[in-house]
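A structural walkthrough
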Amino acid sequence: MRPRDIFINALHRRPGPRPATGAATSIVTVDLMKKAGAFFPQAHQDAEQMAALAAAGYTELGFDNVMPLFSVWHESAALGCKVDWGEVNRMPDCREPLYRMGDPIRVPSDLLSRPGCKVALDALSLLRERYGNEIAVVGKVFGPWTLGYHVFGVQEFLINTLLDPDAVKRAMATLKEVTVQFANAQIEAGADALCLADHATRDLCSPGAYRDFLTEAHTELNERIRCPLILHICGDTSDRIHYIRETGLPCFHFDSKVPAPTARELAGERLSLMGGTSNLRVIRAGRPDAVVEDVKEKVRAGVDIIGPECAVPLDAPYANMKLLAGEVKTYTVTKPGQ
Ligand SMILES: [Zn+2]
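Anyway, here's the lowdown on the structure attached to this text. (Residues numbered from 1 in each chain as written. Predicted model: local features only at pLDDT ≥ 70, side-chain atom pairs only at ≥ 80, totals over all residues.)

1. Let's talk about the overall build of the protein
Just so we agree on the cut-off: The secondary structure listing takes helices from DSSP runs of H or I that are at least 4 residues long and strands from runs of E that are at least 2 residues long, numbered from the N terminus. Within these notes, the globule rule equals 2.2 Å times the number of residues to the 0.38 power, and the radius of gyration is based on C-alpha atoms. Residues with at least 20 other C-beta atoms within 10 Å of their own are called buried, those with 12 or fewer are called exposed, and the rest are partly exposed. The C-beta atoms themselves are positioned from the backbone. We call two residues in contact if the C-beta atoms placed from their backbones are at most 7 Å apart.
Along the backbone of the protein there are 15 helices and 8 strands. Its C-alpha radius of gyration of 19 Å places the protein within 12% of the 20 Å reference for a compact globule of 338 residues. Along the first, second and third principal axes, the C-alpha atoms of the protein reach 55 × 40 × 35 Å. Buried residues in the protein amount to 54% of all 338 residues. In the protein, once contacts between residues fewer than 6 apart in sequence are set aside, the share between residues at least 24 apart is 75%.

2. Focus on helix 1 (residues 3-11)
Structurally, the α-helix is built with 3.6 residues per turn, so residues lying three or four positions apart point the same way. Every buried residue belonging to helix 1 is among Pro3, Ile6, Phe7, Ile8, Ala10 and Leu11, and all of these are buried. Where helix 1 terminates, the next one or two residues include Arg13, which has phi positive at roughly 60 degrees.

3. Observations concerning unusual backbone geometry
Cis geometry marks the peptide bond from Phe40 to Pro41, where omega comes out at 0 degrees. Mapping Pro41 onto the fold places it in the loop between helix 2 (30-36) and helix 3 (42-45). With phi around 60 degrees, Arg13 is a residue other than glycine that occupies positive phi space. Topologically, Arg13 is positioned in the loop between helix 1 and strand 1 (20-21). For Arg13, a count of 20 C-beta atoms within 10 Å puts it in the buried group.

4. So, helix 9 (residues 165-189)
For clarity, the threshold we go by: An expected span of 1.5 Å times one less than the residue number is assigned to each helix.
The end-to-end C-alpha distance of helix 9, which contains 25 residues, comes to 36 Å, matching closely the 36 Å that a straight helix rising 1.5 Å per residue would cover. Burial in helix 9 covers these residues: Val168, Ala171, Met172, Leu175, Lys176, Val178, Thr179, Phe182, Ala183, Ala185, Gln186 and Ala189. Just beyond helix 9, the residue with positive phi is Gly190, at close to 130 degrees.

5. Some points on the environment of Ile305
Counting through the fold element by element, Ile305 comes out in strand 8 (residues 305-306). What makes Ile305 buried here is the crowd of 29 C-beta atoms within 10 Å. For the pair formed by Ile305 and Glu48, sequence separation is 257 residues and the distance between their alpha carbons is 27 Å. For Ile305, the contacting residues outside a window of four places in its chain are Phe7, Ala10, Leu11, Ala20, Thr21, Gly22 and Met274.

6. Here's the deal with the pairing of strand 3 (residues 136-142)
The test is simple: Pairs of strands are assigned from DSSP output, requiring at least two bridges between the strands.
The element strand 3 is extensively covered by neighbouring structure, given that 7 of its 7 residues are classed as buried. Sheet analysis places strand 2 (residues 65-66) next to strand 3, joined by 2 bridges and oriented parallel. Its bridge partner being in strand 3, Asn65 is matched across the sheet by Ala136. Two strands pair when backbone bridges link them, and strand 3 and strand 4 (residues 193-197) are joined in this way by 5 bridges, in the parallel orientation. Along strand 4, the bridge assignment pairs Lys140 with Cys195.

7. Notes on the pairing of strand 7 (residues 272-275)
Applied cut-off: Orient the strands so they point away from the viewer, and a crossover whose first-strand-to-second-strand path over the helix runs clockwise is right-handed.
Here 4 bridges tie strand 6 (residues 251-254) to strand 7, and the two strands are oriented parallel to one another. Along strand 7, the bridge assignment pairs Phe254 with Gly275. After leaving strand 6, the chain enters helix 12 (residues 260-267) and then returns to the sheet as strand 7, a path that is right-handed.

Purely geometric stuff here, so don't read any function into it on its own.
Written out as structure tokens, the structure is:
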């Protein structure tokens, strides 16, 4: 079975010859950039460089997928956020909010042809053309909660979830359309699946806020976007995995703050699980035996797609991801979760 089919099957918790291995968030490290000959910040702004760097996830690391949107800012840049695209050893950032809560949000009619979106769409097409027969091409969009952080600033957005929840809901309804538009364009460009990242992390979003502001939005996104979605939320999500189950989303990309057996228990038998390997303890600082041990724990717990929990720190050694992917391929399973 091709890695592409192994990945897609695992995403739906369908049986496969082995667990899948991959990443829905950035795999880029400084040493991987050197290996690939493609570097930040150009790899955020040039489709060829972006595709070359993403391809290393397959050609160098051996993952079953590639994912070229390394930063969190693409659609926000296209919305008008003034993004600082960072440096070789620093991720992009933006500190200037675009709006105050209550301001009307203007979604540009040429959103998808603005560089923030276009570069990523072109990179997805290149990856599909070059590797689409062998591996899964995964794109990435941000949900309306994270886009709210980006256009309003985290503080302005969060304080208004308490002061003016209706204004927040109206803003999220507009931002949700940006998610759908960019998602559908990525599918058209060649994405097999998409990471839907929405930073409803425990310290910034209570389980009640997830239920009130996000369950419905994520359910709707799952219905309207015509490819499988991998929901990514960092941090300890054990108090909201039961809400995530209700959205109908096929796959949840989880953080090591939720122990893998707990994540499996909370996710039940239908929701597939991806990630869960600690970036700091295993990917960045782990000795080879710690990587091998971590893979064993994830396989035993029934993690369907094994890989890093979130964007890999830029100063991590890529060798640990390569070792992880190789180790996953030594396992055989007849049914995910066994
Ligand atoms: Zn994350």
